[in-house]
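# Secondary and tertiary structure notes
So you can see what is in the structure, the chains are spelled out below.
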Amino acid sequence: MQITSPAFEQGGSIPAVYTCEGRDHSPPLKWGQVPKGTRSLALIVDDPDAPDPAHPRMTWVHWVLYNLPAGTAELSEAVTALPAGTREGRNDWKRTGYGGPCPPIGRHRYFFKLYALDVLLDLKPGSTKKDVERAMANHIINQTQLMGTYQRK
């Protein structure tokens, strides 16, 4: 399984349009080679370098999606209409939806983690990354990630 973005390469810089200094739009994402037996997908975007990459104290959650249909192969740029059945969890801004990179200091890494699951997750609206990770335990068939970086101007 693989995940890519036409907006930035693995390990590359995330364009400003996808950050708090730009339009704060979600970047376009594409994936493939989803394993047979996958019932749903989950996507978690987080930053393990918060607040300072030299002294990280927490992982900041930027986006939580789950129950994406297994046949989904991409999310468009600035996605507003998610695939039918997809649910959004709450990010660390205490809201649903994408929140782009906005590091207070230094160059941070942002991980776009995609999980193939053998179940649909039965979670309440507004579930957190931790809720999704708990529900995914023992149901992950495969996983992959795309990492991009960003430093404010």
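Everything that follows concerns the structure shown earlier in this document.
Residues numbered from 1 in each chain as written. Predicted model: local features only at pLDDT ≥ 70, side-chain atom pairs only at ≥ 80, totals over all residues. Heavy atoms only, no water.

It is worth spelling out the state of the cysteines at this point. Covalent bonding between the sulfur atoms of two cysteines defines a disulfide. Taken as a whole and judged by the stated rule, the model has one disulfide. Disulfide partner of C20: C102, at an S-S distance of 2.2 Å. On the S-S bond that ties C20 to C102, the torsion sits near 80 degrees, and the link is right-handed. Residue C20 is found in the loop between β1 (2-4) and β2 (29-32), and its partner C102 is found in the loop between β6 (87-88) and β7 (108-117); the two are separated by 82 residues along the sequence. Judged by its relative accessible area of 30%, C20 falls in the partly exposed class. (Disulfide = S-S within 2.5 Å. Helix = DSSP H or I, 4+ residues; strand = E, 2+ residues; numbered from the N terminus. Buried < 20%, exposed > 50% of the residue type's maximum accessible area, 1.4 Å probe, protein only.)

When you tally the buried positions in β7, you get nine out of 10 residues, the bulk of the element. Across seven bridges, the pairing between strand β3 (residues 40-50) and β7 is antiparallel. In the strand pairing of β7, A42 is matched with Y115. Note that β7 and strand β8 (residues 140-150) share 10 bridges and pair antiparallel. Looking at the pairing, Y115 lines up with Q143 of β8. (Pairing = 2+ DSSP bridges.)

Under the defined criterion, the tally for this structure stands at three aromatic pairs. Ring centres of W60 and W93 lie 5.4 Å apart, and the angle between their planes is 75 degrees; this geometry places the pair in the edge-to-face category. Placement of W60 in strand β4 (residues 58-69) and of W93 in the loop between β6 and β7 is noted, with a sequence separation of 33 residues between them. Judged by relative accessible area, which is 24%, W60 ranks as partly exposed. (Phe/Tyr/Trp six-rings, centres within 6.5 Å; stacked < 30°, edge-to-face > 60°.)

Another aspect to go through is helix α1 (residues 129-136). Within the span of α1, buried status applies to K129, V132 and M136. With its buried residues spanning 65 degrees around the axis, α1 presents them on a single face. Facing away from the buried side of α1, by more than 90 degrees, are the exposed residues K130 and R134. With its phi angle positive at about 70 degrees, N138 sits one or two positions after the end of α1. (Arc of directions from axis to C-beta.)

Here the focus is the side chain of S26. Relative to the elements of secondary structure, S26 occurs in the loop between β1 and β2. Looking at S26, the relative accessible area reads 3%, which means it is buried. Looking at S26, its side chain comes within polar contact range of the main-chain nitrogen of V79, at 3.2 Å. Other than its neighbours up to four places away in sequence, S26 contacts Y18, W63, S76, E77, A78, V79 and Y98. (Polar contact = N/O pair within 3.5 Å; in protein donor to acceptor, adjacent residues only side chain to side chain. Contact = heavy atoms within 4.5 Å.)

Assignment of secondary structure puts G99 in the loop between β6 and β7. Distance in space between the C-alpha atoms of G99 and D24 is 6.6 Å, their sequence separation being 75 residues. Residues in contact with G99, not counting those within four places in the same chain, are D24, H62, N91 and W93.

Attention now goes to the sheet that holds strand β5 (residues 74-75). Pairing within the open sheet is antiparallel, and its three strands lie in the order β1-β2-β5. Two strands lie at the open edges of the sheet, namely β1 and β5, each paired on one side alone.

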